[in-house]
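Working through the structure, step by step
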Amino acid sequence: MRVPILAANWKMHKTIGEAVAFAQAFALLVVDVAHAEMVIAPPFPALAAVAGALRGTRVALAAQNVHPEKQGAFTGEVSPPMLVDVGCGYAIVGHSERRHLFGESSAFVAKKAAALLAHGVRPIVCVGETLDEREASRTFAVLEDQLTGSLAAVSPEKAAEVVIAYEPVWAIGTGRTATPAIAQEAHAMIRGWLQKRFGATGDAIRIQYGGSVKPDNVAELMAQPDIDGALVGGASLEAASFAAIVRYQENAK
Ligand code: PGA
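Heads up: these notes are all about the structure in this document. (Residues numbered from 1 in each chain as written. Predicted model: local features only at pLDDT ≥ 70, side-chain atom pairs only at ≥ 80, totals over all residues. Heavy atoms only, no water.)

So, about the pattern of salt bridges. Inspection of the entire model under this criterion finds 12 salt bridges. Ionic pairing is found between Asp-32 and Arg-247, a salt bridge with its closest N-O pair at 2.3 Å. Of the two residues, Asp-32 is situated in the loop between helix H1 (16-29) and strand E2 (37-41) and Arg-247 in the loop between helix H10 (239-246) and helix H11 (248-251); the sequence distance between them amounts to 215 residues. What makes Asp-32 exposed here is its relative accessible area of 53%. (Salt bridge = Lys/Arg side-chain N within 4 Å of Asp/Glu carboxyl O. Helix = DSSP H or I, 4+ residues; strand = E, 2+ residues; numbered from the N terminus. Buried < 20%, exposed > 50% of the residue type's maximum accessible area, 1.4 Å probe, protein only.)

This is the structure in structure tokens:
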């Protein structure tokens, strides 16, 4: 029922030339892939060139951030209509690096998600607990708080457009992946919350796992009932590696 969605979050990596070379190589490696949606989120300067390189492929383009306003005096920011203009179908919001390094609140993430939906761009809304929060048995409370805040302005009619990314902060860029069981436990909690908030639509919302996803651990994560995709940082920077992640079914044991 839920189409798997594998997304590459390049963070602050790749020049325009490197990004286009990746897009061309990756498109060839996944030309026959039909089982999943594929998304690439380059840094802003490479969006236009990658959009061109992906034209005619099944690979969608995402931004890594957005500002909620349409236009105005917001130096350094990029608006939803600008993302539409450059060809973004998705945008990541509320990534833990934005929450923790740049002080973004769930209330601000909620404005971004609503603004994206109003412009027809699908938000990938990230949530996840820190190691301290997990060790204090606060994981579910933190997730509930972030979901409640970040999705506050999403209507049930638009909810199916949203993708959630569960990214435990302790697993991001650390090589320390959540076990499939730990990830599934959090995904099941998130699923329950989505069903309560959005009714039957809660079953249709894709929930990605993120945090040290690699070609050799993606299949067992994807085998979990409430894991519908992956948001991949480090292992998405090489075309062959991200293509192997997209082709997780072929590696399944
Ligand atoms: P990682 O990053 O795959 O390098 O752990 C994931 C993310 O932050 O989206």
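Having put the structure on the table, let's press on.
Taken together, 13 residues surround the ligand, and among them Lys-11, His-95, Glu-167, Gly-173 and Ser-212 come closest. In the model, an oxygen atom of the ligand is placed 2.7 Å from a nitrogen or oxygen of the His-95 side chain. Contact with the protein chains covers 95% of the free accessible surface of the ligand, which is 290 Å². Across the shell around the ligand, the residue classes tally to four nonpolar, seven polar and two charged. (Near = heavy atom within 4 Å. Polar contact = N/O pair within 3.5 Å; in protein donor to acceptor, adjacent residues only side chain to side chain. Areas by Shrake-Rupley, 256 points an atom, 1.4 Å probe, with all protein chains shown as cover. Nonpolar A, V, L, I, M, F, W, Y, C, P; charged D, E, K, R; others polar.)

Residues separated by three or four positions in an α-helix point in the same direction, a consequence of the helix having 3.6 residues per turn. Taking 1.5 Å of rise per residue, the 12 residues of helix H7 (residues 139-150) would be expected to cover 16 Å, and the 16 Å separating its terminal C-alpha atoms lies within 8% of that figure. Taken as a whole, H7 has its buried residues at Thr-139, Val-142, Leu-143, Gln-146, Leu-147, Gly-149 and Ser-150. (Expected span 1.5 Å × (residues − 1).)

Tallied over the entire structure, the rule returns five aromatic pairs. Where Phe-26 meets Phe-242, the ring centres are 5.0 Å apart and the plane angle is 25 degrees; that geometry is what we call stacked. With Phe-26 in helix H1 and Phe-242 in helix H10, this residue pair connects regions lying 216 residues apart in the sequence. When sorted by exposure, Phe-26 lands in the same class as Phe-242, which is buried. (Phe/Tyr/Trp six-rings, centres within 6.5 Å; stacked < 30°, edge-to-face > 60°.)

So, about the packing of H7 against helix H8 (residues 180-198). Relative to each other, H7 and H8 sit at 40 degrees, their axes nearing to 11 Å. Judged by the inter-axis angle, H7 sits oblique to H8. Once H7 is placed against H8, the crossing between them reads as right-handed. Across the interface between the two elements, Phe-140, Leu-143, Glu-144, Leu-147 and Thr-148 from H7 touch Glu-185, Ala-186, Met-189, Ile-190 and Trp-193 from H8. Of the residues assigned to the contact of H7 with H8, the class counts are seven nonpolar, one polar and two charged. (Axes fitted to C-alpha atoms, helices over the stretch in contact; angles between N-to-C directions. Parallel < 35°, antiparallel > 145°, perpendicular 65-115°, else oblique. Left-handed = near helix turned anticlockwise from the far one by under 90°. Contact = heavy atoms within 4.5 Å.)

Let's shift gears to the side chain of Asn-65. The residue Asn-65 is located in the loop between strand E3 (59-63) and helix H3 (80-86) in this model. A distance of 2.7 Å separates polar atoms of two side chains, one belonging to Asn-65 and the other to Lys-112. Aside from chain neighbours lying at most four places away, what touches Asn-65 is Phe-44, Leu-83, Ile-92, Arg-98, Glu-104 and Lys-112.

This brings us to H1. Here H1 is 14 residues long and its end C-alpha atoms lie 20 Å apart, about the 20 Å a rise of 1.5 Å per residue gives. Ala-19, Val-20, Phe-22, Ala-23, Phe-26 and Ala-27 are the residues of H1 that are buried. With its buried residues spanning 160 degrees around the axis, H1 presents them on a single face. Its buried side turned inward, H1 meets E2, helix H2 (47-54), E3 and H10. (Arc of directions from axis to C-beta.)

Here eight strands make up a closed barrel; going around it, the order is E1-E2-E3-E4-E5-E6-E7-E8 and the pairing parallel. Ignoring strand direction, the axes of neighbouring strands in this sheet form an average angle of 25 degrees. The sheet contact formed by strand E7 (residues 206-210) and strand E8 (residues 229-232) spans three bridges and is parallel. For Gln-208, the partnering residue across the bridge sits in E8 and is Gly-229. (Pairing = 2+ DSSP bridges.)

Before going further, it helps to examine the nonpolar core. Grouped together as the largest cluster of nonpolar side chains are 70 residues, with contacts concentrated most on Phe-26, Leu-151, Ile-164, Ile-190 and Phe-242. For this core, the element with the most residues is H8, which contributes seven residues. If we skip the residues at most four places from it in the chain, Phe-242 touches Leu-6, Ala-7, Ala-8, Phe-22, Phe-26, Val-39, Ile-40, Val-232, Ala-235 and Ser-236. The next biggest cluster of nonpolar side chains, apart from the first, holds 12 residues, and it includes Val-39, Ala-41, Ile-124 and Ala-165. (Core = buried A, V, L, I, M, F, W, Y, C linked by side-chain atoms within 4.5 Å.)

Applying the stated criterion to the full structure yields zero disulfides. Cys-88 takes part in no disulfide bond, and the closest cysteine sulfur, belonging to Cys-126, lies 15 Å away. On the basis of relative accessible area, Cys-126 is assigned to the buried category, the value being 2%. (Disulfide = S-S within 2.5 Å.)

Bringing the environment of His-100 into the picture now. Along the chain, His-100 turns up in helix H4 (residues 96-101). A residue is classified by how much of its surface remains accessible, and His-100, at 46% relative accessible area, is partly exposed. In the structure, His-100 is positioned 123 residues away from Ala-223 in sequence and 30 Å away in space, judged by C-alpha atoms. Excluding anything up to four places from it in sequence, His-100 contacts Thr-130 and Val-169.

Distances and angles like these do not, on their own, reveal function.
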